[in-house]
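For reference, the chains in residue letters:
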Amino acid sequence: MPAIDILFTWVLENGGAITGEHGVGLAKKPWIHQALGDTSLAVHRTLKRALDPHGILNPGKFLD
């Protein structure tokens with residue numbers, strides 16, 4: 001298992017956050033659902049659709 005997998009798994013299991021001042025980033029994408037949970041992720045997606053209805057801002061990032 002890559003070190004990043006071990007690190008982020010440990011961080012989330014111990015109540016930490018994987019986001020920072022520059023957002024989630026592609027390296028953290030596999031853990032975003034675990035980090036945010038169903039409700040928060042749904043809110044993020046709703047806001048993204050409202051503010052970017054054509055999906056042109058940061059395509060392929062964590063809300064795809």
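Residues numbered from 1 in each chain as written. Predicted model: local features only at pLDDT ≥ 70, side-chain atom pairs only at ≥ 80, totals over all residues. Heavy atoms only, no water.

K.L.:
Whenever I open this one, the nonpolar core confuses me. Can you help?
P.N.:
In a soluble, globular protein the nonpolar side chains are often hidden away together inside. Formed by Phe-8, Val-11, Leu-12, Ile-18 and Trp-31, the largest nonpolar core amounts to five residues. Setting aside its immediate chain neighbours within four residues, Phe-8 contacts Ile-18, Ala-27, Lys-28 and Trp-31. (Core = buried A, V, L, I, M, F, W, Y, C linked by side-chain atoms within 4.5 Å. Buried < 20%, exposed > 50% of the residue type's maximum accessible area, 1.4 Å probe, protein only. Contact = heavy atoms within 4.5 Å.)

K.L.:
Sorry, what's going on with helix H2 (residues 32–51) here?
P.N.:
What sets the pattern is the α-helix's 3.6 residues per turn: residues three or four places apart point alike. The first and last C-alpha atoms of H2 sit only 20 Å apart over 20 residues, clearly below the 28 Å expected at 1.5 Å per residue. Of all the bends in H2, the greatest measures close to 90° and is centred on Asp-38. (Helix = DSSP H or I, 4+ residues; strand = E, 2+ residues; numbered from the N terminus. Expected span 1.5 Å × (residues − 1). Bend = angle between axes of the 7 residues up to and from the residue.)

K.L.:
Quick question: what am I supposed to make of helix H1 (residues 3–13) here?
P.N.:
Three or more residues of H1 are buried, namely Phe-8, Val-11 and Leu-12. The buried residues of H1 occupy an angular sector of 95° when the element is viewed end-on, so they sit on one face. Exposed residues pointing more than 90 degrees away from the buried face of H1 are listed as Ala-3, Trp-10 and Glu-13. Where the residues of H1 are buried, they touch H2. One or two positions beyond H1, positive phi appears at Gly-15, with a value near 80°. (Arc of directions from axis to C-beta.)

K.L.:
Please explain the packing of aromatic side chains as it appears in this structure.
P.N.:
The geometry of two aromatic rings is summed up by the distance between their centres and the angle between their planes. Throughout the structure, instances matching the rule amount to one aromatic pair. Aromatic pair Phe-8 and Trp-31: ring centres 5.0 Å apart, planes at 70°, arrangement edge-to-face. Taken together, the residues span a long stretch of sequence, with Phe-8 in helix H1 and Trp-31 in the loop between H1 and H2 at a distance of 23 residues. A relative accessible area of 8% means that Trp-31 is categorised as buried. (Phe/Tyr/Trp six-rings, centres within 6.5 Å; stacked < 30°, edge-to-face > 60°.)

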